[in-house]
Amino acid sequence: MKKNLVFLTVAALAFAGCNGGFKKGDNGMLYKIYTDAPGPTIKAGDFISVNVIAKTDKDSLLVSSYDQGRASNLLVQKPMYKGDLYTGLMMLSQGDSATLKIDADTLVKKSGQPKPPGFKGKYFVYTLKIEKVIPRGNLDDKAFQAKVGEYFKAEGDKAKAAEPVKIKKYIADNNLKTIQTPSGLNYVITQVGSGEKLVPGDTAVVDYTGKRLNGKVFDTSIKAVAEKVGPPLYDKMRPYQAAKIPVGQKAVIPGWDEGLQLLNKGEKATFVIPSSLAYGEQGYGPIAPFTPLAFDVEIKNIIHPNPNAPKPVMPQMPGQQAPQSPPVR
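## Examining the overall build of the protein
Part 1 of the reasoning: A count of helices and strands for the protein gives 7 helices and 14 strands.
Part 2 of the reasoning: Residue burial in the protein is summarised as follows: out of 329 residues, 39% are buried.
Part 3 of the reasoning: Summing over all exposed atoms, the protein offers an accessible surface of approximately 18700 Å²; the carbon and sulfur share of this is 56%.

Encoded structure:
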C-alpha cells in the first residue's frame, strides 16, 4: 500500500515526533496510521464501510459509529481540497486503521460551512477503521451497484441472524424477567401502577429512555438522563418533556403500540423490541437495519379522547396505511 503520498523531509520527521507520532499532510492535516494492511488504496468513486469516532481535539465526541452499532457507508468523493477528510481516506486501504486530524479553520474556509455549535479546538479528529472497500474500477453503474447491493444483503443477513442472540444476552445481562408476547415483544413491569389501563384512542403521556442493546442511550425525554450522557444527546436548546403518544393509532413503532396497551397509569416498564416491531430491515436515521432496541418507559398520565370532538376526515388511497414515526425525536 502506498504511504509515500506525503513526502517527509528531516524537518517533517522532527515535526511528527513533537506531535505524538503524527505526520504532517497538506493544509494542516495530521495523520497517524496504526494498521497498514496490504491492498490498493481507496480511490474516488469507491464504496467503503468505515467505523469512525469523530471528536474535537478537546476530546468532545461528535459521533461514533460504534455507539450507533454499525459502520458508516459512503461513496468516496474527490477531495474538496488537499488535506480534507477524503484526502486522508485515499491514503488507506481495506483493513487499515488510522487517526486523521483535519484543520478546522481550513475546513471552514474551504467548504464555507460553519463549525458545529460550541466547537472548541483546532482540529476535527477522526479515528478510522476501514472495514470494506468495493472498488469502482471500470465497472459500469449496474455492475457496481450490484456489488454494493450484495454487500448490504450479506451484512443484513448477518445482523438478522445475530438479533435473537443479542436480545437473549441483553435480557440475561440485565437480569430482566421478561414476558414475551406472540408478536415477539419482550416486556417487564418494573413498577406496578394503580391507575386504569391504556386502550386504543387514549393518549399516553410517557417518559422514556431508548437504548441500543449495547447499552448506549440514543434518545430520552428526561433531561437528567440526557445531561448524564452528554453531547450530542444532550442539547440545551431541546425542551425535554414527556411525549404524548396516541395509542393504537399506528403513530409509533409496533412494539410501542402493543407495549403501551399492556400498561396502567403510573406503571414503569422495560420493552425489548425486535427489529420486526421497530425499524425492520430498512432502519431509521441512526438506527441500523435489523436493530433490536430497549426502552424504559413510565406512564405519567392518560388523556382520554373527547367524545364531543369533531372527527377529522382524512382522504386515503385504497390500502394506504398511516405512516409510522418513531417514539423518539
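## Observations regarding the nonpolar core
Side chains of nonpolar character tend, in soluble globular proteins, to be buried together.
Part 1 of the reasoning: In this structure, Val206, Trp256, Leu260, Phe271, Ile273, Phe295 and Val297 are the most contacted members of the largest nonpolar core, which totals 27 residues.
Part 2 of the reasoning: Elements represented by at least two residues in this core include exactly strand E10 (203–212), strand E12 (243–246), helix H7 (254–260), strand E13 (268–273) and strand E14 (293–303).
Part 3 of the reasoning: Among the elements that make up this core, the one with the highest residue count is E14 (5 residues).
Part 4 of the reasoning: Residues in contact with Phe271, not counting those within four places in the same chain, are Leu185, Asn186, Tyr187, Gly259, Leu260, Leu263, Leu293, Ala294, Phe295 and Val297.
Part 5 of the reasoning: Among the nonpolar cores identified, the runner-up in size contains 22 residues, and Val76, Tyr81, Met91 and Phe119 belong to it.

## Remarks on the packing of aromatic side chains
Part 1 of the reasoning: The final tally for this structure, using the stated rule, is 9 aromatic pairs.
Part 2 of the reasoning: Ring geometry for Trp256 against Phe295: centres 5.4 Å apart, planes inclined by 90°, an arrangement best described as edge-to-face. Taken together, the residues Trp256 in helix H7 and Phe295 in strand E14 connect sequence positions 39 residues apart.
Part 3 of the reasoning: On the accessibility criterion, Trp256 (0% relative accessible area) is buried.
Part 4 of the reasoning: Take Phe295: its relative accessible area is 0%, and that puts it in the buried class.
Part 5 of the reasoning: Taken together, the ring pairs in this structure connect Tyr208, Phe218, Trp256 and Phe295 into an aromatic cluster.
Part 6 of the reasoning: One Lys or Arg, Lys101, reaches over the ring of Phe22 and ends 4.5 Å from the middle of that ring.

## Some remarks on helix H5 (residues 141–173)
Think of an α-helix as turning once every 3.6 residues; residues three or four places apart then point the same way.
Part 1 of the reasoning: Over its 33 residues, H5 extends 46 Å from the first C-alpha to the last, a length consistent with the 48 Å expected when each residue adds 1.5 Å.
Part 2 of the reasoning: Where H5 bends most, the angle comes to about 35°, and this point is Glu163, followed within four residues by the proline Pro164.
Part 3 of the reasoning: Regarding H5, the residues found buried are Phe144, Val148, Tyr151, Gly156, Glu163, Ile167, Tyr170 and Ile171.
Part 4 of the reasoning: One or two residues past the end of H5 sits Asn175, with phi positive at roughly 50°.

## Quick word on the pairing of strand E11 (residues 217–220)
Part 1 of the reasoning: When E10 meets E11, the two strands line up antiparallel, connected through 3 bridges. The partner of Thr209 across the bridge, within E11, is Thr220.
Part 2 of the reasoning: The loop that links E10 with its antiparallel partner E11 comprises 4 residues; one of these, Gly215, has a positive phi angle of about 90°.

## Regarding the side chain of Ser97
Part 1 of the reasoning: In this structure, Ser97 sits in strand E6 (residues 97–103).
Part 2 of the reasoning: Within polar-contact distance, the side chain of Ser97 engages the side chain of Thr35 at 2.9 Å.
Part 3 of the reasoning: For Ser97, the residues in contact, after removing those within four places along its chain, are Ile33, Tyr34, Thr35, Leu128 and Lys129.

## Overview of unusual backbone geometry
Part 1 of the reasoning: Residue Pro232 is bonded to the preceding Pro231 through a cis peptide linkage, with omega at 5°.
Part 2 of the reasoning: Relative to the helices and strands, Pro232 resides in the loop between helix H6 (223–229) and E12.
Part 3 of the reasoning: Phi is positive for Asn27, which is not a glycine, with a value near 50°.
Part 4 of the reasoning: Looking at the secondary structure, you find Asn27 in the loop between strand E1 (23–24) and strand E2 (30–35).
Part 5 of the reasoning: For Asn27, a relative accessible area of 37% corresponds to the partly exposed category.

## As for the environment of Ile245
Part 1 of the reasoning: Within the secondary structure layout, Ile245 lies in strand E12.
Part 2 of the reasoning: Residues Ile245 and Val205, spaced 40 residues apart in sequence, show a C-alpha to C-alpha distance of 6.4 Å.
Part 3 of the reasoning: In this structure, Ile245 is in contact with Asp202, Thr203, Ala204, Val206, Val252, Trp256 and Leu260, ignoring residues within four places of it in sequence.

## Observations regarding the pattern of salt bridges
Part 1 of the reasoning: Following the criterion strictly, the structure yields 11 salt bridges and no others.
Part 2 of the reasoning: Here Asp219 makes a salt bridge to Arg238, at a shortest N to O gap of 2.8 Å. On the criterion of sequence distance, the pair formed by Asp219 in strand E11 and Arg238 in the loop between H6 and E12 is long-range, its members being 19 residues apart.
Part 3 of the reasoning: Assessed through its relative accessible area of 3%, Asp219 is described here as buried.
Part 4 of the reasoning: In this structure Arg238 comes out as buried when scored by relative accessible area, which is 12%.

## Quick look at helix H4 (residues 104–111)
Part 1 of the reasoning: Its side-chain oxygen at 3.3 Å from the backbone nitrogen of Asp105, Asp103 defines the N-terminal cap of H4.
Part 2 of the reasoning: After H4 finishes, the residue Gly112 shows a positive phi value of roughly 80°.

Each value, and the rule that gives it
- Residues numbered from 1 in each chain as written.
- Predicted model: local features only at pLDDT ≥ 70, side-chain atom pairs only at ≥ 80, totals over all residues.
- Heavy atoms only, no water.
- Helix = DSSP H or I, 4+ residues; strand = E, 2+ residues; numbered from the N terminus.
- Buried < 20%, exposed > 50% of the residue type's maximum accessible area, 1.4 Å probe, protein only.
- Areas by Shrake-Rupley, 256 points an atom, 1.4 Å probe, with all protein chains shown as cover.
- Core = buried A, V, L, I, M, F, W, Y, C linked by side-chain atoms within 4.5 Å.
- Contact = heavy atoms within 4.5 Å.
- Phe/Tyr/Trp six-rings, centres within 6.5 Å; stacked < 30°, edge-to-face > 60°.
- Lys NZ or Arg CZ within 6 Å of the ring centre and 35° of its normal.
- Expected span 1.5 Å × (residues − 1).
- Bend = angle between axes of the 7 residues up to and from the residue.
- Pairing = 2+ DSSP bridges.
- Polar contact = N/O pair within 3.5 Å; in protein donor to acceptor, adjacent residues only side chain to side chain.
- Salt bridge = Lys/Arg side-chain N within 4 Å of Asp/Glu carboxyl O.

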